Amino acid sequence: MRKLTLSLTTLGLASLGCVALGLALPATAHAGPGCNANWNAHGRDGNVRAWRDLDCQGELLGVTQGNDPDWWDASGPFQGSDGDAATSVMNSGFVGGKDVVAFYYHVQYNDTAYGCLKPGEKYVDDLTRNHFTNGARMNDNIVSHAWVQASACAPNSFIS
Ligand SMILES: [Ca+2]
Ligand SMILES: [Ca+2]
């Protein structure tokens, strides 16, 4: 009986711990083991990253503390086949100021269609869940990005 009580208590504590974590962290913290491992490898290092596949896997398309107005062109951190390819993204930027990454559907930061990733969200392990502000799917559709202040993003534009 004592053993049973103990294990129930342990279970109860584990559940409580998960609930507490769920409240304190974004939903992504419980998903995306690949992204989680990548995050743990470098932590908050000031960069934005994007990968070709789900869960921060496959080709690492780019890593930068800067902006890139065209992921298709032959200059900057994202080039060539990096355009229209990202399926998972990470914001490990330093908190404060322009700490949100806006990902755009068009080149040159055209703000008719974008999605914003807050530093506190850390990453999106599966962009198939998300849409740009014009309704277009974000998966395999990002072609430029820029660091912006959170106030530059519409309330419904934050991705997770
Ligand atoms: Ca992809
Ligand atoms: Ca480029």
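Anything mentioned here points back to the structure above.
Residues numbered from 1 in each chain as written. Chains lettered and ligands numbered in written order. Predicted model: local features only at pLDDT ≥ 70, side-chain atom pairs only at ≥ 80, totals over all residues.

**Some remarks on the nonpolar core**
Part 1 of the reasoning: Membership of the largest hydrophobic core comes to 32 residues, with the highest contact counts inside it found for A86, V89, A102, F103, L117 and I142.
Part 2 of the reasoning: Looking at this core, the elements with two or more residues in it are α2 (33-42), β1 (47-51), β3 (88-92), β4 (100-104), β5 (114-117) and β6 (123-124).
Part 3 of the reasoning: With 5 residues, β4 is the largest single contributor of residues to this core.
Part 4 of the reasoning: Other than its neighbours up to four places away in sequence, I142 contacts A50, W71, A86, F103 and Y104. (Core = buried A, V, L, I, M, F, W, Y, C linked by C-beta atoms within 7 Å. Buried ≥ 20, exposed ≤ 12 C-beta atoms within 10 Å, placed from the backbone. Helix = DSSP H or I, 4+ residues; strand = E, 2+ residues; numbered from the N terminus. Contact = placed C-beta atoms within 7 Å.)

**Notes on the sheet that holds β5**
The strands that make up a sheet pair up through hydrogen bonds in the backbone, lying either parallel or antiparallel.
Part 1 of the reasoning: If you walk across this open sheet you meet the 3 strands as β5-β4-β7, and the pairing is antiparallel. Whereas interior strands pair on both sides, the edge strands pair on one side only; in this sheet they are β5 and β7 (144-148). Averaged over neighbouring strand pairs, the angle between their axes works out to 25° when direction is ignored.
Part 2 of the reasoning: As judged from the 5 bridges shared by β4 and β7, these two strands associate in the antiparallel manner. If you follow V101 over to β7, its bridge partner there is W147. (Pairing = 2+ DSSP bridges. Axes fitted to C-alpha atoms, helices over the stretch in contact; angles between N-to-C directions.)

Everything listed here is a matter of geometry and, on its own, says nothing about what the molecule does.
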